[in-house]
Amino acid sequence: MEHRGLDAYGYFEREGSLGKVPGEFRAVVAAARERISEAYGRRLHSAYLYGSVPRGAARPGRSDLDLLLALHHEPADEDRAAADVLARGLDEDFPVIDGAGILLYDKDTLLSEPERYDLGWFLACLCTPLLGADLAEHLPRYRPDGLLARETNGDLADLLPSWRARAQAASTPDEYRKLSRIFARRLVRTGFTLVMPRWGGWTSDLAESAEVFGTYYPERAAQMRAAAAVALDPVADPAVLRTYIEDLGPWLADEYTARHGRKTPRPTL
């Protein structure tokens, strides 16, 4: 039987490691570690890499650098400003990456019960420790079941109105390109988690995700393969965005809700 990202007991194996970082990306990872420490100091609990870089699948000049920072306190404006400066500096200083993204959360939120099967799972299974004590030690083990499917991507229907607004507000090739990448990635990952419990495994590879989805929904397979291609090589075509928000997105949201239900609402402040 193929591996499918699980151990012998059916639990997720943590994907990625610092040892898998391609040689071309080691300098930017080292710089990120140093700059994060300098920027946040004692405010930082821990830092993590995720995405193609720690999986060893990053493409020089094409892949972005993805980071998650866990702070001791709820992120403030100064923390978000520091993240913007940090991301911009890494992107400008290291042409090997095509942008840098930084997620900011406080450690209590990451370990909270409402986030146990969303952010908690994400950190424990898809993030590679870079700095500090690993919060995954305080989280459970996970299986590719319907609960995980619901709590990770069961909010696509809630996202679509903001997607429509963002697409309408876009007017430049760079804006269309950025949105095509964001929307396509989310659609492919949502399509995969829709079928994940039936497939019985995990993959972060977008092309493989689209292929797995297509075995269960052959009538939508070509659309999902095309979305996976856009997620890797974004396009500046507003027609592509319209297809996502008027056709594939609404269909996928309805099918997801019918099979797994809606994501549990988070507490509001």
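Model, not experiment: these values are computed from the prediction.

Scoring rules and cut-offs
- Residues numbered from 1 in each chain as written.
- Predicted model: local features only at pLDDT ≥ 70, side-chain atom pairs only at ≥ 80, totals over all residues.
- Heavy atoms only, no water.
- Helix = DSSP H or I, 4+ residues; strand = E, 2+ residues; numbered from the N terminus.
- Rg over C-alpha atoms; globule rule 2.2 N^0.38 Å.
- Buried < 20%, exposed > 50% of the residue type's maximum accessible area, 1.4 Å probe, protein only.
- Contact = heavy atoms within 4.5 Å.
- Areas by Shrake-Rupley, 256 points an atom, 1.4 Å probe, with all protein chains shown as cover.
- Lys, Arg positive; Asp, Glu negative; His and termini not counted.
- Charge placed at Lys NZ, Arg CZ, Asp CG, Glu CD.
- Pairing = 2+ DSSP bridges.
- Axes fitted to C-alpha atoms, helices over the stretch in contact; angles between N-to-C directions.
- Core = buried A, V, L, I, M, F, W, Y, C linked by side-chain atoms within 4.5 Å.
- Parallel < 35°, antiparallel > 145°, perpendicular 65-115°, else oblique.
- Left-handed = near helix turned anticlockwise from the far one by under 90°.
- Nonpolar A, V, L, I, M, F, W, Y, C, P; charged D, E, K, R; others polar.
- Expected span 1.5 Å × (residues − 1).
- Arc of directions from axis to C-beta.
- Polar contact = N/O pair within 3.5 Å; in protein donor to acceptor, adjacent residues only side chain to side chain.
- Salt bridge = Lys/Arg side-chain N within 4 Å of Asp/Glu carboxyl O.

### As for the overall build of the protein chain
Then, in step 1: The number of helices and strands found in the protein chain is 11 helices and four strands.
Then, in step 2: Against the compact-globule benchmark of 18 Å for 269 residues, the protein chain has a radius of gyration of 18 Å, which places it among compact chains.
Then, in step 3: Across its three principal directions, the C-alpha atoms of the protein chain cover 50 × 45 × 40 Å.
Then, in step 4: Within the span of the protein chain, comprising 269 residues, buried residues form 50% of the whole.
Then, in step 5: A fraction of 75% describes how many contacts in the protein chain between residues 6 or more apart in sequence connect residues 24 or more apart.
Then, in step 6: Of the accessible surface of the protein chain, which amounts to about 12700 Å², a share of 51% is contributed by carbon and sulfur atoms.
Then, in step 7: For the protein chain, the separation between the mean place of its 34 positive charges and that of its 41 negative charges on side chains is 2 Å.

### A look at the sheet that holds strand β1 (residues 44-50)
Then, in step 1: The four strands lie next to each other as β3-β2-β1-β4, forming an open sheet whose pairing is mixed. If you trace the sheet from one side to the other, it starts and ends with β3 (100-106) and β4 (127-132), each paired once. Each strand of the sheet is rotated relative to its neighbour by a mean of 25°, with strand direction disregarded.
Then, in step 2: Sheet analysis places β1 next to β4, joined by five bridges and oriented antiparallel.

### Brief notes about the nonpolar core
Then, in step 1: By size, the foremost hydrophobic cluster in this structure holds 57 residues, and its most contacted members are Phe-12, Leu-68, Trp-121, Leu-123, Phe-213, Tyr-244 and Leu-252.
Then, in step 2: The dominant element in this core, judged by the number of residues it contributes, is helix α8 (residues 173-199), at 11 residues.
Then, in step 3: With sequence-adjacent residues up to four places away left out, Leu-252 is seen in contact with Leu-156, Leu-187, Thr-190, Gly-191, Leu-194, Phe-213 and Met-224.
Then, in step 4: Membership of the second largest hydrophobic core comes to 29 residues, among which are Ala-87, Ile-102, Leu-104 and Leu-130.

### Describing the packing of α8 against helix α10 (residues 221-232)
Then, in step 1: One can describe the packing of α8 onto α10 by two numbers: an axis separation of 8 Å at closest approach and a directional angle of 135°. Relative to α10, α8 is oriented oblique. When the axes of α8 and α10 are compared, the crossing they make is left-handed. Between α8, through Ser-180, Arg-181, Ala-184, Arg-185, Leu-187, Val-188 and Gly-191, and α10, the contact on the second element is made entirely by Met-224, Ala-227, Ala-228, Val-230 and Ala-231.
Then, in step 2: A breakdown of the residues in the contact of α8 with α10 according to their chemical character gives eight nonpolar, two polar and two charged.

### So, the pairing of β1
Then, in step 1: Among the seven residues that make up β1, seven are buried, leaving the element largely enclosed by the rest of the structure.
Then, in step 2: Relative to strand β2 (residues 65-71), β1 is paired through six bridges, and the arrangement is antiparallel. Each bridged residue has a counterpart across the sheet, and for Leu-44 the counterpart in β2 is Leu-71.

### Examining helix α3 (residues 77-93)
Then, in step 1: With 17 residues, α3 ought to run about 24 Å at 1.5 Å a step, and its terminal C-alpha atoms sit 24 Å apart, in line with that.
Then, in step 2: Turning to α3, its buried residues number three or more, namely Asp-79, Ala-82, Ala-83, Leu-86, Ala-87, Gly-89 and Leu-90. Burial along α3 is one-sided: seen end-on, the buried residues are contained in an arc of 165°. In α3, the exposed positions angled more than 90 degrees off the buried face are occupied by Asp-77, Val-85 and Glu-92.

### A few points about the side chain of His-45
Then, in step 1: Within the secondary structure, His-45 is located in strand β1.
Then, in step 2: For His-45, a relative accessible area of 19% puts it in the buried group.
Then, in step 3: A polar contact of 2.8 Å, which involves the side chain of His-45, links it to the side chain of Ser-46.
Then, in step 4: Once residues lying within four places of it in the same chain are set aside, the contact partners of His-45 are Ala-70, Leu-71, His-72, Lys-107, Leu-131, Gly-132, Ala-133 and Leu-135.

### Here's the deal with the pattern of salt bridges
Then, in step 1: Evaluation of the coordinates by the stated rule reveals 23 salt bridges.
Then, in step 2: With a closest N to O distance of 3.0 Å, Arg-35 and Asp-93 form a salt bridge. Here Asp-93 lies in helix α3 and Arg-35 lies in helix α1 (residues 26-40), a separation of 58 residues in the sequence.
Then, in step 3: Arg-35 sits in the partly exposed class, given a relative accessible area of 25%.

### A closer look at α10
Then, in step 1: Across its 12 residues, α10 extends 17 Å between first and last C-alpha, which sits within 8% of the 16 Å expected from 1.5 Å per residue.
Then, in step 2: Looking at α10, one finds that the buried residues are Ala-221, Met-224, Ala-227, Ala-228, Val-230 and Ala-231.
Then, in step 3: Buried positions along α10 lie against α8, α9 (206-216) and α11 (238-260).

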